[in-house]
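Architecture at a glance
Residues per chain, in single letters:
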Amino acid sequence: MTMQVSPEQERFARILHPYNFEQFRRAASEKARFVHYTSAEAGMSILRNREVWMRKSSCMNDYLEVQYGLDRLSRAYGRTNAGNEFKSVLDQMFNGIMTDIEKLFNGWVPHFQSDTYFTCVSEHVSAEDTYGRLSMWRAYSESTGIALILNNSVFLNPADGLAAYSSPVSYLNDSDFEFEFAKIASNVR
C-alpha cells in the first residue's frame with residue numbers, strides 16, 4: 001500500500017510535517033496495522049452501528065497531552081534558535097507575516113482543547129497478536145476489554161469529507177521537539 005496524496009500535499013507534508021510524513025511513509029511501506037482498545041460494550045456498539053465516536057480532548061484519559069504539545073511548541077518557537085530561524089525565514093519571504101500568523105494561532109489556542117476531538121488507535125505489531133498490549137488493556141477495560149484490529153488505509157490516506165485526520169503522536173522532550181522544529185525551519189528555507 002502507498003499513501004495516496006497529490007504531489008502538492010506531499011510537498012507540503014515534507015516541508016511542514018516531516019516527522020508525520022516519515023511516520024506515514026514507514027507505516028505504509030511496512031503495511032502497519034492499527035488497533036483500537038476499548039470495552040466489549042463499546043466495541044459491540046462500534047460494530048453494530050458502524051461508527052466510531054470521538055472524545056473531546058479535555059475529557060480524555062490523557063487530557064494534558066494537548067497542553068503538553070502546546071508547551072513544547074511555545075518554548076521552541078519563543079526561546080530557541082529553531083524558533084528564531086523559523087520566524088526569520090518566513091518574515092524574509094513575506095515581510096511581517098509572523099505578526100499575522102501569531103495573531104491567528106493565538107486566537108485558535110483556546111479551541112485546541114475545547115473543540116478538538118480524538119479517537120485513539122495504536123500501531124499493532126505482530127508480536128502482540130495473541131495478547132495485545134498490556135498497558136492498553138489496563139487503560140481501557142481490565143475485565144471486558146477488546147482490541148479491534150483496523151484496516152490501515154483509513155489512517156494512511158487523507159480524506160477531507162469528514163474533516164477528520166490521522167496523525168502520529170510523538171512524545172518529545174524539549175530538545176527533541178526543538179530538533180524536529182529546526183527541520184521545519186530548514187525545510188521552509
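Turning next to the packing of aromatic side chains. The full count for this structure, using the stated rule, is 5 aromatic pairs. Ring centres 6.4 Å apart and planes at 70° place the aromatic pair Tyr77 and Phe86 in the edge-to-face group. Assessed through its relative accessible area of 19%, Tyr77 is described here as buried. A relative accessible area of 14% means that Phe86 is categorised as buried. Each ring, one from Phe177 and one from Phe181, has its centre 6.4 Å from the other, and the planes form 20°; the classification is stacked. Linking Phe177 with Phe181, this pair stays in helix α9 (residues 174-188), spanning 4 residues, or about one helical turn.

A few words on the pattern of salt bridges. Between side chains of opposite charge, a pair can form when the charged atoms approach closely. In the structure shown here, the tally under the stated rule is 10 salt bridges. Linking Arg33 and Asp129 is a salt bridge whose minimum nitrogen-to-oxygen distance equals 2.6 Å. With a gap of 96 residues between them, Arg33 in strand β1 (residues 33-39) and Asp129 in the loop between β4 (122-124) and α7 (134-140) connect regions that are remote in the sequence. In this structure Arg33 comes out as partly exposed when scored by relative accessible area, which is 29%. Asp129 gets classed as partly exposed once you look at its relative accessible area, which sits at 47%. Beyond isolated ion pairs, a larger network of salt bridges with shared partners links Arg72, Arg75, Asp174 and Glu178.

Before going further, it helps to spend a moment on the confidence of the model for the protein. A residue-level look at the protein finds 93% of positions with pLDDT of 70 or above and a mean pLDDT of 88. Confidence, expressed as mean pLDDT per element, reaches its minimum in the protein at α7 with 67 and its maximum at α9 with 96.

All right, on to the packing of helix α5 (residues 81-93) against α9 then. To describe two helices that pack against each other, one gives the angle between their axes and the distance between the axes. The interhelical angle for the contact between α5 and α9, taken along N-to-C directions, is 20°, at an axis separation of 8 Å. The orientation of α5 with respect to α9, classified from their angle, is roughly parallel. For the pair α5 and α9, the sense of crossing is left-handed. Contacts from Asn81, Ala82, Gly83, Glu85, Phe86, Val89, Leu90 and Met93 of α5 reach α9 at Glu178, Phe181, Ala182, Ile184, Ala185 and Val188. Class assignment for the residues of the contact of α5 with α9 results in 10 nonpolar, 2 polar and 2 charged.

Parameters and conventions
Residues numbered from 1 in each chain as written. Predicted model: local features only at pLDDT ≥ 70, side-chain atom pairs only at ≥ 80, totals over all residues. Heavy atoms only, no water. Phe/Tyr/Trp six-rings, centres within 6.5 Å; stacked < 30°, edge-to-face > 60°. Buried < 20%, exposed > 50% of the residue type's maximum accessible area, 1.4 Å probe, protein only. Helix = DSSP H or I, 4+ residues; strand = E, 2+ residues; numbered from the N terminus. Salt bridge = Lys/Arg side-chain N within 4 Å of Asp/Glu carboxyl O. pLDDT = per-residue confidence, 0-100. Axes fitted to C-alpha atoms, helices over the stretch in contact; angles between N-to-C directions. Parallel < 35°, antiparallel > 145°, perpendicular 65-115°, else oblique. Left-handed = near helix turned anticlockwise from the far one by under 90°. Contact = heavy atoms within 4.5 Å. Nonpolar A, V, L, I, M, F, W, Y, C, P; charged D, E, K, R; others polar.

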